Amino acid sequence: MCRRLWEARLIAGADGNVSVRVGPDTLLVTPRGLLKGELTAQDLVRVSLAGAPLGGFRKATSELDLHLRIYQARPDVGAVVHAHPPTATGFAVAGEGLPATVLPELTVLFGEVPLVPYALPGTPAVGAAMAPFLARNEGVLLANHGAVTWGADLMSAQIRMESLEHAARIILAARTIGRVVHLTPEQVHELARPRGMSGHDQAEP
Ligand SMILES: [Zn+2]
């Protein structure tokens, strides 16, 4: 998944971090500082849900706290992806989230993607700023920083990250053309009704 993030240009350099729940109180997380496109299994770090190191040779990601907060708030979450997707992060730099009312896949996968106020990267302030959004959202933009998505498993979280960036590009294209037509409340309701909030197999609009 890290290689895929890099190949899709959702991260550059040592950007980004990924975690996955592998037991009731155990996570595998990416290491601090390394190129994510070149990681091997030996580079991954095993930590408890409280962040205690349980195994591995590397130091855990500097954004570990952000990951832990999501797992602690959401027992249904099995994986978290943090990346710096260029167009979605452009919205975050412009001070905007992504609306729930323009693209069906965005509506189904996320609802809206809110903007979390800026906090210093690599500090617990990022997780603290995200906390109010965790219960009701499946992903966020971090102001002047990047994006975080989560899901029941690694595939769901990854699909959300890729779809988030793709949607941001489409919205930007529509703005360049000069007109954004929003779905009606009825159309949004119709999308949300028969589907669950998580599970990548349910989202094929
Ligand atoms: Zn970051």
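Coordinates for the structure precede this section.
Conventions we followed
Residues numbered from 1 in each chain as written. Predicted model: local features only at pLDDT ≥ 70, side-chain atom pairs only at ≥ 80, totals over all residues. Heavy atoms only, no water. Phe/Tyr/Trp six-rings, centres within 6.5 Å; stacked < 30°, edge-to-face > 60°. Lys NZ or Arg CZ within 6 Å of the ring centre and 35° of its normal. Axes fitted to C-alpha atoms, helices over the stretch in contact; angles between N-to-C directions. Helix = DSSP H or I, 4+ residues; strand = E, 2+ residues; numbered from the N terminus. Parallel < 35°, antiparallel > 145°, perpendicular 65-115°, else oblique. Left-handed = near helix turned anticlockwise from the far one by under 90°. Contact = heavy atoms within 4.5 Å. Nonpolar A, V, L, I, M, F, W, Y, C, P; charged D, E, K, R; others polar. Donors = N, O, S within 2.8 Å, 3.2 Å for Na, K, Ca; no water. Buried < 20%, exposed > 50% of the residue type's maximum accessible area, 1.4 Å probe, protein only. Pairing = 2+ DSSP bridges.

(A) Region of the structure containing the packing of aromatic side chains. Using the criterion set out here, one finds 0 aromatic pairs in the structure. Taking NZ or CZ as reference, arginine 160 lies 6.0 Å from the ring centre of phenylalanine 110, over its face.

(B) A look at the packing of helix α3 (residues 86-93) against helix α6 (residues 154-177). The interhelical angle for the contact between α3 and α6, taken along N-to-C directions, is 65°, at an axis separation of 7 Å. Taken together, α3 and α6 sit at an angle that is classed as roughly perpendicular. For the pair α3 and α6, the crossing hand works out as left-handed. Residue-level inspection shows Pro86, Thr87, Ala88 and Phe91 of α3 in contact with α6, the latter providing Leu164, Glu165, Ala168, Arg169, Ile171, Leu172 and Arg175. Looking at the contact of α3 with α6, its residues break down into 7 nonpolar, 1 polar and 3 charged.

(C) Structural detail: the coordination of the zinc ion. Within the protein, the zinc ion binds to His82 (NE2), His84 (NE2) and His145 (NE2); these donor distances fall in the range 2.1 Å. The sequence motif formed by the donor residues of the zinc ion is H-x1-H-x60-H. Overall, histidine 82 belongs to the buried group, its relative accessible area being 1%. By relative accessible area, histidine 84 is classed as partly exposed at 24%.

(D) Summary view of the sheet that holds strand β3 (residues 45-48). Strand order in the open sheet made by the 8 strands is β4-β3-β2-β1-β5-β8-β7-β6, with mixed pairing throughout. In this open sheet, the two strands that pair with only one neighbour each are β4 (53-55) and β6 (115-116). Alignment of strand β1 (residues 17-23) against strand β2 (residues 26-29), held across 4 bridges, turns out to be antiparallel. Its bridge partner being in β2, glycine 23 is matched across the sheet by threonine 26. Along the sheet, helix α2 (residues 64-73) contacts β1, β2, β3, β5 (79-83), β7 (139-142) and β8 (146-151); its crossing angle with β1, the most-contacted strand, is approximately 45°.

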